[in-house]
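# Analysis of the macromolecular model
Here's the letter readout for the chains.
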Amino acid sequence: MGRTFRIAAAMLLSIVIVQTASAAPGWQPQESGTQQDLHSVDFLFLDPQWGTCVGSGSTVLHTENAGEDWVAQTLPISAELLAVSFGYEDFGISTGHSGTILRTYDGGDNWETLQDGWILSYYGVHNLGGSYGWAVGVNSIFQPLVAYTTDGWDTFDHVAFYLQHGGQNHEGTLYDAIFNTADIGFAVAGAWNGEGAIVGTWDGGLTWETVYWSPYALYGIDFPISDASQIGYAVGHLGTILKTTDGGYNWFELQSGAYVTLTDVSFTDFDTGTAVGLNGVIMRTTDGGQNWSFQYAEVPGDYNSVCMVDTYNGYIVGDGGTILHTTTGGEPTAACSVDMIPDNSPIIVHPGDFFTYTGILSNNTNSPQTTDVWLMVDVPDYGLYGPVKRFLNVPLQPNETISVPNVRQYVPHFAPPGEYGYIAYCGDLPDGAEDSASFDFEVVLPANGSADNWNLWGWFDNLTGDIPQQSALLNNYPNPFNATTEIKYILAQDTH
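These numbers come from a predicted model, not from an experiment.

Each helix and strand counted, the chain has zero helices and 43 strands in total. Classification of the 496 residues of the chain by burial places 54% in the buried group. The long-range fraction of contacts in the chain, counting pairs at least 24 apart against all pairs at least 6 apart in sequence, stands at 54%. For the chain, the accessible surface area stands at approximately 20800 Å², while carbon and sulfur atoms represent 48% of it.

A word on the side chain of Thr 274. Relative to the assigned elements, Thr 274 resides in strand E27 (residues 273–277). Of the polar contacts made by the side chain of Thr 274, one reaches the side chain of Arg 284; its length is 3.4 Å. Among residues more than four places away in sequence, those in contact with Thr 274 are Trp 27, Asp 264, Val 265, Ser 266, Ile 282, Met 283, Arg 284, Val 306 and Met 308.

With that out of the way, let us pick up the sheet that holds strand E12 (residues 121–128). One key point about sheets: their strands pair by backbone hydrogen bonds, in either a parallel or an antiparallel sense. Spatially, E12-E13-E14-E15 is the arrangement adopted by the four strands of the open sheet, whose pairing is antiparallel. In this open sheet, the two edge strands, each paired with only one partner strand, are E12 and strand E15 (157–160). If you compare each strand with its neighbour and ignore which way they point, the axes differ by 20° on average. With six bridges connecting them, strand E13 (residues 132–138) and strand E14 (residues 144–149) associate as antiparallel partners. Looking across to E14, one finds that Val 136 is bridged to Val 146.

What follows covers the sheet that holds strand E9 (residues 92–96). Ordered by their spatial adjacency, four strands build an open sheet running E8-E9-E10-E11, and the pairing between neighbours is antiparallel. Looking at strand neighbours, the two that pair on one side only are strand E8 (81–86) and strand E11 (112–115), the edges of this open sheet. Across this sheet, the average inter-strand angle for adjacent strands is 25°, counted without regard to direction. Where E8 and E9 come together, five bridges link them in antiparallel fashion. Opposite Ser 85, over in E9, you have Ile 93 as the bridge partner.

Our focus in this paragraph is the state of the cysteines. With the rule as written, the count across this model stands at one disulfide. Two residues, Cys 336 and Cys 426, share a disulfide whose sulfurs are 2.3 Å apart. Its S-S torsion of approximately 105° makes the covalent link between Cys 336 and Cys 426 right-handed. Separated by 90 residues along the polypeptide, Cys 336 in strand E33 (residues 336–342) and Cys 426 in strand E39 (residues 418–428) bring together distant segments of the chain. Cys 426 matches Cys 336 in its accessibility class, with the two residues each being buried.

Conventions used here
- Residues numbered from 1 in each chain as written.
- Predicted model: local features only at pLDDT ≥ 70, side-chain atom pairs only at ≥ 80, totals over all residues.
- Heavy atoms only, no water.
- Helix = DSSP H or I, 4+ residues; strand = E, 2+ residues; numbered from the N terminus.
- Buried < 20%, exposed > 50% of the residue type's maximum accessible area, 1.4 Å probe, protein only.
- Contact = heavy atoms within 4.5 Å.
- Areas by Shrake-Rupley, 256 points an atom, 1.4 Å probe, with all protein chains shown as cover.
- Polar contact = N/O pair within 3.5 Å; in protein donor to acceptor, adjacent residues only side chain to side chain.
- Pairing = 2+ DSSP bridges.
- Axes fitted to C-alpha atoms, helices over the stretch in contact; angles between N-to-C directions.
- Disulfide = S-S within 2.5 Å.

This is a description of form; function is not addressed.
Quick look at the structure:
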């Protein structure tokens with residue numbers, strides 16, 4: 001319900017609706033085409049377009065357009081895949097239960113079986129270029145197991161060992177591995193008693209020794225920069241996050257603020273990284289792990305793997321076919337975005353005349369929403385005033401963009417000459433702007449038209465407001481120079 005009051009024939013009080021538009025989560029779901037659990041994802045370094053993820057039920061999905069399309073690939077066998085790693089664009093290895101090792105030389109168009117049908121599992125795999133590779137897991141007698149190759153998996157050998165701690169041998173499982181060079185690598189483990197370890201090798205995987213013992217199982221490890229990087233991170237049960245600053249010889253615990261199992265971690269430089277886990281946990285640090293902030297996605301669930309391609313682009317996969325993508329480093333994006341493209345530049349207009357532009361409004365979320373759009377003018381020697389036009393509760397479908405050409409903005413005949421600014425906002429009028437766009441225009445004499453107001457024609461003129469939900473006082477309108485002006489305010493309820 002709206003009311004309009006006239007005061008001294010010069011002041012107009014009107015009521016408008018305020019509609020809240022919430023920011024879009026920084027992680028957005030992508031269509032995977034499967035309900036199978038996805039366990040691992042890998043993208044080429046600094047190439048957010050090209051990647052592969054694998055999972056249960058012989059699932060292998062591949063994209064070459066940043067996940068806009070995920071294409072299912074065909075396997076020669078039935079497999080429960082747990083890990084995938086590409087040494088370069090076309091050469092990749094995937095491993096899983098039953099001792100499965102698959103190889104491709106053409107980006108996954110064709111996969112060949114190197115091994116299958118064994119009573120063992122490979123939970124992690126890492127390729128270093130096209131020659132060196134390691135797969136880690138557990139054998140049939142619960143020993144940590146490593147398969148290693150130096151010839152691109154044409155041939156490979158195994159080494160099994162026990163986790164050493166307190167002078168005792170411990171059974172366990174290796175879940176993830178990372179190699180900085182062909183000789184130096186580290187793997188994380190869960191021991192039989194629920195504790196965990198980090199083991200290291202300095203001879204390419206022939207021998208391994210325990211470098212850190214954890215009270216909790218560990219599941220993911222990453223060194224952000226290879227070639228003998230000094231800084232690395234590991235994650236595990238009950239929010240455990242560990243860090244090394246001396247190349248893996250010594251590790252210390254960081255405070256994560258999480259109390260669920262963290263399954264994987266991915267860093268793009270020494271300070272910037274993302275950890276994921278069960279119950280929809282996504283955490284981000286930009287200061288080397290000193291502080292972690294929680295991030296959110298529209299799809300809750302258990303997340304199993306994360307791959308940050310660069311600072312802003314990354315992917316997460318999880319149970320039920322979940323694939324999440326970010327282009328903002330996981331930070332929330334504005335629920336709406338607005339833009340204006342002038343038809344002519346520079347814009348020079350006479351008082352009383354008009355200029356035109358194309359108005360653009362977008363919904364950046366996967367859900368329907370309504371948003372307000374309002375326009376302000378930055379007047380020389382005065383400052384901002386307006387809004388000169390308001391469009392309330394503009395409806396937008398998921399990911400919809402509305403583009404309207406030939407929007408006509410009139411400049412009143414009394415406007416003084418000078419340089420003006422023209423600003424559009426979208427969001428929650430008056431104080432909840434999600435995004436803005438602007439351009440400049442110049443008013444020059446003489447007057448060349450009869451416009452007596454900051455009238456606007458086009459864009460969303462056919463839309464009207466509704467009952468307001470909060471009160472607010474708006475700036476005077478349409479201008480500070482005319483003897484007759486309007487003062488807008490918002491009332492949450494009918495009153496005097």
